[in-house]
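So the chains spell out like this:
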Amino acid sequence: MRKEESRSRRPGRPPADSVDVPTADRILQVAAKCFMKSGFDSVSMSEVARQAEVTKAVLYYYYASKAELFLRSLLYVMEISRQRTVAILESSEPLYARLERLTRIRLSIDVTLDMNFIMRGSEDVLSTEQLAELRLAEERLLEALASAFEEEMHAGGIRQASPEFIARTYLSLLVIGKGHMQRLGAAADVNTIAEEIVSLLWYGIGVN
């Protein structure tokens, strides 16, 4: 019986009694941080395995290629980001306060928010379907933001404009603000930069 189990198990798969249930999720968390910090090109499967404290065989058991790991890890973290964004935006605070809180949280993440940097080198490796999955995940986050801006428009709190355009502008300001923080280093103050981002956005969309 034991020989049959050994033959049927995929190469690299950990024995059933040693598999830790959160292993796949832990790998995704570590991989997402690696890719978001260094970009696709600069991250190796060996580095992810080392930081996730698994063997390369285990890593390849869960994710057959670097492209698949990149895709799944980004989708994982983007969905968590979307859920947390929705939770903040659905609170009862004024939109300005909600945006400030959301901005502080996003700026506090110790990785870049620049998707162009993260994606660099992946376009030649990911399939059309995989790229479409990433775009869809981005759109879902965008929709959550746009919905909050549209609701505020209906309430008369901000001027009439394209909610999607405002959402994209906000995300662009986040990338700029994060870059500014990284340049300032230890001197950067999250609260100050978050307030500046939201203030600048509100200057353009607020009702005079």
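In this numbering scheme, every chain counts its residues from 1 along its sequence in written order. The predicted origin of the model limits local features to residues at a pLDDT of at least 70 and limits the giving and counting of side-chain atom pairs to 80 or more, whereas totals for whole chains, interfaces and linings rest on all residues. Derived side-chain values reflect all non-hydrogen atoms in the structure, with water molecules and hydrogen atoms excluded from consideration.

The next thing to look at is the overall build of the chain. What counts as a helix is a DSSP run of H or I of at least four residues, what counts as a strand is a run of E of at least two, and both are numbered from the N terminus. Tallying secondary structure elements over the chain gives ten helices and zero strands in all. Going from N to C terminus, the chain has its helices and strands arranged as α-α-α-α-α-α-α-α-α-α. Partly exposed residues are those whose accessible area sits between 20% and 50% of the maximum for their type, while under 20% is buried and over 50% is exposed, using a 1.4 Å probe and protein chains only. Expressed as a percentage of the 208 residues in the chain, the buried residues total 40%. Contact definition: two residues touch when any of their heavy atoms are within 4.5 Å. Excluding contacts between residues fewer than 6 apart, the proportion of contacts in the chain whose partners are at least 24 apart in sequence is 69%. Carbon and sulfur atoms form 51% of the exposed surface of the chain, whose accessible area is close to 12100 Å². Using a 1.4 Å probe, accessible areas were evaluated by the Shrake-Rupley method; residue-level cover was limited to the displayed protein chains.

The subject of this paragraph is the packing of helix α2 (residues 23-38) against helix α5 (residues 66-89). Note on definitions: angles span 0 to 180 degrees between N-to-C directions of axes, and those axes are lines fitted to C-alpha atoms, for helices only across the stretch in contact. Between α2 and α5, whose axes approach to 8 Å, the crossing angle comes to 95°. As summarised for this structure, α2 and α5 are arranged roughly perpendicular, according to the angle between their axes. Here α2 contributes Asp25, Ile27, Leu28, Gln29, Ala31, Ala32, Phe35 and Met36 to the contact with α5, which in turn contributes Lys66, Leu69, Phe70, Arg72, Ser73, Leu74, Tyr76 and Val77. Following the grouping adopted for this structure description, the nonpolar residues are Ala, Val, Leu, Ile, Met, Phe, Trp, Tyr, Cys and Pro, the charged ones are Asp, Glu, Lys and Arg, and the polar ones are all others, Gly among them. Grouping the constituent residues of the contact of α2 with α5 by class yields eleven nonpolar, two polar and three charged. With respect to orientation, any angle under 35 degrees is reported as roughly parallel, any angle over 145 as roughly antiparallel, any angle of 65 to 115 as roughly perpendicular, and every other angle as oblique.

Another aspect to go through is the packing of aromatic side chains. When the centres of two rings from Phe, Tyr and Trp lie within 6.5 Å, Trp using its six-membered ring, the rings pair. Their planes under 30 degrees apart give stacked, over 60 give edge-to-face, and anything left gives tilted. If you walk through the whole model with that rule in mind, you get six aromatic pairs. Seen from their ring centres, Phe35 and Phe40 are 6.1 Å apart, and the 15° between their planes marks the pair as stacked. A relative accessible area of 0% places Phe35 in the buried class. With centroids separated by 6.3 Å and ring planes inclined at 40°, the aromatic side chains of Tyr62 and Tyr63 adopt a geometry described as tilted. An aromatic cluster is present here, built from Phe35, Phe40 and Phe70 joined pairwise through their rings. Lying across the ring of Phe40, Lys66 places its NZ or CZ 4.3 Å from the centre. Charges are assigned to positions over rings by a cutoff of 6 Å between ring centre and Lys NZ or Arg CZ, combined with an angular limit of 35 degrees from the ring normal.

Attention shifts here to the packing of α2 against helix α3 (residues 45-52). The angle between the axes and the distance between the axes are what describe a pair of packed helices. Relative to each other, α2 and α3 sit at 125°, their axes nearing to 9 Å. By the angle between their directions, the pair α2 and α3 is classed as oblique. Every pair of crossing elements has a handedness; the one defined by α2 and α3 is right-handed. Contact with α2, carried on its side by Arg26, Ile27, Val30, Ala31 and Cys34, involves Val48, Gln51 and Ala52 of α3 and no other residues of that element. A breakdown of the residues in the contact of α2 with α3 according to their chemical character gives six nonpolar, one polar and one charged. Helix crossings fall into two classes, left-handed where the near helix is turned counterclockwise from the far one by less than a right angle and right-handed where it is turned clockwise.

Here we take up unusual backbone geometry. A negative phi holds for most residues other than glycine; trans holds for most peptide bonds. Its identity is not glycine, yet Glu53 carries a phi of approximately 60°, on the positive side. Note that Glu53 resides in the loop between α3 and α4 (56-62). Residue Glu53 is classed as exposed on the basis of its relative accessible area of 71%.

To continue, consider the pattern of salt bridges. Salt bridge, as used here, is a side-chain nitrogen of Lys or Arg placed within 4 Å of a carboxyl oxygen of Asp or Glu. All chains considered together, the criterion is met by seven salt bridges. With a closest N to O distance of 3.1 Å, Arg168 and Glu164 form a salt bridge. Here Glu164 and Arg168 lie together in helix α9 (residues 163-184), a separation of four residues that amounts to about one turn. Arg168 gets classed as partly exposed once you look at its relative accessible area, which sits at 39%. Where salt bridges share partners, they join Glu79, Arg82 and Arg140 into one cluster.

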